[in-house]
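Structural features, examined
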Amino acid sequence: MKGLEKIKGQIGLVLSGGGIRGMAHIGLLKALKEHNIEPEQIAGSSVGALVGALYANGNSIDDMLNFFKDTPIFQYSFFAIGKPGLIDTAKYYDIFKRYFVEDSFEALTKKLFVVTTDLLKGEEVLFEEGPLIYPLLASAALTPVFSPIEINRSLYADGGIMNNFPKEYLDGNCDFIIGSNVSIAEELRKKDLKNALQLAGRVTGLMIYASCKAKLAQCDLFIEPKALEAIGVLDKKGIEKAYNLGYEYTSKALEGLSKEASSSN
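Let me sum up the structure you'll find in this document. Note that the coordinates shown come from a computational prediction; the quantities given were computed from them, not determined experimentally.

**As for the pattern of salt bridges**
- Overall, the coordinates contain eight salt bridges when judged by the stated rule.
- The partner of Glu-240 in a salt bridge is Lys-69, and the shortest N-O contact between them spans 2.5 Å. Of this pair, Glu-240 sits in helix H7 (residues 239–263) while Lys-69 sits in helix H3 (residues 61–70), and the two are 171 residues apart along the sequence.
- The exposure class of Glu-240 is partly exposed, given its relative accessible area of 34%.

**What to know about the packing of aromatic side chains**
- This model, assessed by the stated rule, comprises eight aromatic pairs.
- Ring geometry for Phe-67 against Tyr-99: centres 4.9 Å apart, planes inclined by 90°, an arrangement best described as edge-to-face. Of this pair, Phe-67 sits in helix H3 while Tyr-99 sits in helix H4 (residues 93–99), and the two are 32 residues apart along the sequence.
- For Phe-67, a relative accessible area of 2% gives the class buried.
- Counting every residue linked through ring pairs, the aromatic cluster contains Phe-67, Phe-68, Phe-96 and Tyr-99.
- In this arrangement the basic side chain of Lys-30 is found over the ring face of Tyr-247, its NZ or CZ atom lying 4.7 Å from the centre.

**Some points on the pairing of strand E1 (residues 11–15)**
- Across the five residues that make up E1, a large majority, five, are buried.
- Inspection of the sheet shows E1 paired to strand E7 (residues 176–180) by five bridges, in the parallel sense. Across the sheet, the residue bridging to Ile-11 is Phe-176, located in E7.
- Relative to strand E2 (residues 41–45), E1 is paired through four bridges, and the arrangement is parallel. Its bridge partner being in E2, Leu-15 is matched across the sheet by Gly-44.
- With helix H1 (residues 23–34) bridging E1 and the parallel E2, this β-α-β connection has right-handed handedness.

**Examining the nonpolar core**
- Core analysis: the largest hydrophobic core is formed by 65 residues, its most contacted members being Met-23, Ile-26, Phe-68, Phe-96, Leu-136 and Ile-178.
- If sequence neighbours within four positions are ignored, Phe-96 has contacts with Leu-50, Phe-67, Ile-133, Leu-136 and Leu-137.
- Core analysis: the next-biggest nonpolar cluster, separate from the first, contains eleven residues, Phe-165, Leu-170, Cys-174 and Cys-212 among them.

**Structural notes on the packing of H1 against H3**
- Across the interface, H1 lies against H3 with an axial gap of 10 Å and an inter-helix angle of 175°. Of the possible angle classes, the one that applies to H1 and H3 is roughly antiparallel. Residues Met-23, Ile-26, Leu-29 and Lys-30 of H1 form the contact with H3, whose participating residues are Ile-61, Met-64, Leu-65 and Phe-68.
- Residues belonging to the contact of H1 with H3 are distributed by class as follows: seven nonpolar, no polar and one charged.

Calculation notes
- Residues numbered from 1 in each chain as written.
- Predicted model: local features only at pLDDT ≥ 70, side-chain atom pairs only at ≥ 80, totals over all residues.
- Heavy atoms only, no water.
- Salt bridge = Lys/Arg side-chain N within 4 Å of Asp/Glu carboxyl O.
- Helix = DSSP H or I, 4+ residues; strand = E, 2+ residues; numbered from the N terminus.
- Buried < 20%, exposed > 50% of the residue type's maximum accessible area, 1.4 Å probe, protein only.
- Phe/Tyr/Trp six-rings, centres within 6.5 Å; stacked < 30°, edge-to-face > 60°.
- Lys NZ or Arg CZ within 6 Å of the ring centre and 35° of its normal.
- Pairing = 2+ DSSP bridges.
- Right-handed = clockwise from strand over helix to strand, strands pointing away.
- Core = buried A, V, L, I, M, F, W, Y, C linked by side-chain atoms within 4.5 Å.
- Contact = heavy atoms within 4.5 Å.
- Axes fitted to C-alpha atoms, helices over the stretch in contact; angles between N-to-C directions.
- Parallel < 35°, antiparallel > 145°, perpendicular 65-115°, else oblique.
- Nonpolar A, V, L, I, M, F, W, Y, C, P; charged D, E, K, R; others polar.

Below is the structure:
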């Protein structure tokens, strides 16, 4: 870790939402592992919460990638009937149970903060103890594709609606915070905004990015691979590309930090 001595003490990791682009988080974890950097606290929204949970559960890099490769997105038997949304999110429970056998925050080896949105109250809700799988399903329930999850008689959905980069749950608890943002808001061309759906997606993306931009700058180290913009949020064909981008960007960021420390000595 020569040149990376400043990454010490209690290390925290913030993982944003962003669908398939979140595979970059797994690439980041691989790069951190190669440099013997091990976060002990993780805060995540949406896919960031899923990756964070798998990491806190002790799953290998290959296990994490396989989880997303093997989990179907659009499967006929999962279509929602009598629920808001196209896909019934609750039907993923059995798939998640194969990985999170004990279904408990307390069974994890690291501290995990999962952010969700209470749709009925219009509030951000944090889960950090008790049953694990339903909060994970809720946090990743991207509306309107996935139906909300019922917990304690309320309906919970994508954590990114209210807080896509939940750094504040690590503030004061960690000595060094690493952030990974995969919700990119790059400049577009006119031809990329041809219909109402594209326009709505662009506005939503800008709103989400604006809400987390200041928090990104507050991280001691963060990655934000701009090339992820070319990968569709629900395009499983982009899994490997997003993963490799996360690994490459993190490796370069760590090398840069090392050179910076060396030049100051």
